[in-house]
Amino acid sequence: MNPEFQRNLWLECTQPRLVSAFAALGALLALVWLVSARSFGPSTAIAALACFAIFTLAWGAHLTAESHIQELRSRTWDQQRMSALGPWPMLWGKLLGAPAAAWACGGVCVLVYLLSIEVTADAGWTLLMLAAAALGLHAFALIGALLLAQRGHQAGAPMSLRIAGGLAALLLARSIIDRPSSSVRWFGQDYPPLPFTACLIAALAAWLVFGSYRLMCEELKVRTVPWALAGFIGFLAALGTGSVVSLTDSPTLISGTLAKTGFVCALLAAYLCAFVFAPDPMLPRRLLGYAQRAQWRRVAEESPLWLVSLVYALGLGLLLGLDGGQSIALPGHWSRFNGDAGPLLLFAARDLLVFFGIACRAPRRGVEGSQLIYLALAYWLLPAIAHLAGAHSLAGLLRPQTGESLTACAVLLPQVIVAGLWTRRAWAGRMA
Amino acid sequence: MIRIQHLSHEYPGVRALQDVSVRIEPQSITALVGPNGAGKTTLMRCLCGLERPLAGEIEVDGINVIEEPRRSHERIGYLADFFGVYENLSVAQCLEYAAAANGIRSGLAARVLETATSLGLADRLQQAAGTLSRGLRQRLAIAQAIIHGPQLLVLDEPAAGLDPEARHSLAALLRHLQASGMTLLVSSHILAELEEYATHMLIIDGGRIRDFRPLAPQLQSTRSLQLELAADAPDAMRLLAAQTGVAQLRQQGHALSFEFTGDFAAQAALLKTLVLAGVPVSALHPERVDLQQLYLDTLKTPGSPHES
């Protein structure tokens, strides 16, 4: 047996915990069964699904994160990092072992659900969706806990990760509860909503598991090049593109939309990574050292993911620039996202430089808050004040419109240079 | 066993290690000493592949730790300065997990018992780790670190917080591990106790190695010896000075101290010569090294860092 799985079972599946969890679950389901005229039916089916969400999804995610956080607090994580366990055994040992009690409760819920419904293919898809959602959520919780290891266990989970997780959970709940009754159209093909949603959630869960694997690699000092991020951006781009274009559309439109969606995803990923991963002021010196020694693979391995995402965005932006722009205008209600890549890239470069500068200056625990305040000032408060004061041209300088590409670039380029100089100074101050 | 070359490590604003180069021989116990913030823990964590240095090379038993940290872990056992144990697991479960996680698949129970016995934990196997005393926890943590039979054991402040009896027992344990073929690197602030077990002393200060010297007489080419006389012997000084390998002779009462170059056979021959010449020898033994003084002198001495 996987030693990490075994250890988690020893620690997490204690008799008192199992007894109390099964007692609570049994009481809830028995109550619903009693008020449903002592029969299994729609009420018990809904109750079973709700209990699955509470016990397996929510409690399981809590157990997964808490188990690893406990490792950090009780200072046993270094012992694990020094063990011979590879990232995969370590990951699945934690991912399945820590929430084992929650999965056991989930098994009971599934049993009650199957007793309450007429078993059809839809039931199978629903169960797949629930299991994938639970696994994905547990992986997400583990990612949060692993990020704590980088930030120091005294810190809390990154606020941005909590926000992203909350939004993802809302979207997930919406896709499960508010299922479209008609078919889902993707790349011009119609798919039944339940299998489509189930497959989508399973794919997302697989990406989350893979993401936690890569983070585990980082913790265990297993060297990897950041191709997985490109894969995830490509997956999101394909997902988005499929909802707006059809396979019968022109190849230029399909590829252009794919590039444009990928570009937006890469930019969003850059911002998210800049928030989520603890900034390392030592990084420029380390990367410079590798570059001086021509260790390019090392540069790729240790580059922060926000920088890697920005490089991907730059590549896709160049592709979009080469492609023209008119031919890849997004159709339908997506057209409001039309805009040139140049200004968006400059916005991102400016913001990410400022983020790094803040990371060099601010105390460790205040970095994320300061970054969020900067964003609020730069994109909302200062332009709004300028508008209200009637200084519309100043507002345009503060937040240029991306539609007017050349003007926006001309305004943003000096801002990027100033941000770069300020960041360099902040970094030098930190390193002194 | 350990080869470190031009190792540098930085934290923002702090140069934790500066161009550290050292070579540590197998089956030795090296005491890593230095003031707080000298870089001891950073050096140990880099050695274990837990920190990524800015520059330099580290090899443990021929494996490049920076390039292949996971492979090097098979050969290294590490006990951090602030270590933890799984408080809710029994001692046996803690050891079973450590063994399995380090790749031991067969004979798990036997290995657990063997390790527990060698560390005096055999009668505590069913006790919860959280209920052990500080000294026993230390033993459990060391047992977890050595259960896979690493060639190198790195211990960061293992004696911190231990009572004198537990410290003495720890010293005996370290000597036992060395005798079983292990190489040990031990950081400590308690210099007086290093003499009990250390064969070498590595002094680090400000991220640089200030001194690296053998402590055990059998490892030194030149040893400080002390000859004790039972009575006055006016010719003893002259006779001793005329012997091969004797230098820096000084007398204090009935004690003659000198530096001696030669192996133990030469030392026995010297003693025989003195006795046959009628010198009233009551004892000949290595001169006690005051590590505390040696350490303080080294730190006070300005100059270039040690080159190894």
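Residues numbered from 1 in each chain as written. Chains lettered and ligands numbered in written order. Predicted model: local features only at pLDDT ≥ 70, side-chain atom pairs only at ≥ 80, totals over all residues. Heavy atoms only, no water.

## Digging into the domain arrangement of chain B
Here is step 1 of the chain: Examined at the domain level, chain B breaks down into domain 1 (2-86 + 141-215) and domain 2 (218-286).
Here is step 2 of the chain: A C-alpha centroid distance of 36 Å is found between domain 1 of chain B and domain 2 of chain B. (Domains from an automatic or database assignment.)

## A short note on the nonpolar core
Residues and elements named next belong to chain B.
Here is step 1 of the chain: The biggest cluster of nonpolar side chains holds 83 residues, and the ones touching the most others in it are Leu95, Leu140, Ile142, Leu153, Leu174, Leu177 and Leu184.
Here is step 2 of the chain: If one sorts the elements of this core by residue count, helix α3 (residues 91-101) sits on top with nine residues.
Here is step 3 of the chain: Excluding residues that lie within four positions of it along the chain, Leu140 makes contacts with Val85, Val91, Cys94, Leu95, Leu121, Ala129 and Leu132. (Core = buried A, V, L, I, M, F, W, Y, C linked by side-chain atoms within 4.5 Å. Buried < 20%, exposed > 50% of the residue type's maximum accessible area, 1.4 Å probe, protein only. Helix = DSSP H or I, 4+ residues; strand = E, 2+ residues; numbered from the N terminus. Contact = heavy atoms within 4.5 Å.)

## Topic: the side chain of Lys40(B)
Residues and elements named next belong to chain B.
Here is step 1 of the chain: By secondary structure assignment, the location of Lys40 is in helix α1 (residues 40-47).
Here is step 2 of the chain: There is no salt bridge for the buried Lys40, and the closest opposite charge comes from Glu157, which lies 4.8 Å off by N-O distance.
Here is step 3 of the chain: Side-chain polar atoms of Lys40 contact the backbone oxygen of Gly34, separated by 2.9 Å.
Here is step 4 of the chain: Other than its neighbours up to four places away in sequence, Lys40 contacts Leu32, Val33, Gly34, Pro35, Glu157, Ser187, His189 and Ile204. (Lys, Arg positive; Asp, Glu negative; His and termini not counted. Salt bridge = Lys/Arg side-chain N within 4 Å of Asp/Glu carboxyl O. Polar contact = N/O pair within 3.5 Å; in protein donor to acceptor, adjacent residues only side chain to side chain.)

## Digging into helix α16 (residues 367-388) of chain A
An α-helical turn contains 3.6 residues, so any two residues separated by three or four positions project in the same direction.
All names here are of chain A.
Here is step 1 of the chain: Helix length check: α16, at 22 residues, gives a terminal C-alpha distance of 30 Å against a target of 32 Å (1.5 Å per residue), a fit within 8%.
Here is step 2 of the chain: Remark: the principal bend of α16, roughly 50 degrees, maps to Leu377.
Here is step 3 of the chain: Considered for burial, the residues of α16 that qualify are Val367, Glu368, Gln371, Tyr374, Leu375, Ala378, Pro383 and Ala386.
Here is step 4 of the chain: Where α16 ends, the next residue or the one after it, Gly390, has phi of about 85 degrees, a positive value. (Expected span 1.5 Å × (residues − 1). Bend = angle between axes of the 7 residues up to and from the residue.)

## Quick look at the packing of aromatic side chains
Residue and element names in this part refer to chain A.
Here is step 1 of the chain: Tallied over the full model, the rule gives 20 aromatic pairs over all chains.
Here is step 2 of the chain: Residues Trp207 and Phe210 carry aromatic rings whose centres are separated by 6.3 Å and whose planes lie at 80 degrees to one another, so their mutual orientation is edge-to-face. With Trp207 and Phe210 both in helix α9 (residues 193-219) and three residues apart, the pair spans about one turn of that helix.
Here is step 3 of the chain: You can call Trp207 partly exposed: its relative accessible area is 23%.
Here is step 4 of the chain: Three or more aromatic residues joined by ring pairs form one cluster here, namely Trp88, Trp207, Phe210, Tyr213, Trp227, Phe232 and Phe235. (Phe/Tyr/Trp six-rings, centres within 6.5 Å; stacked < 30°, edge-to-face > 60°.)

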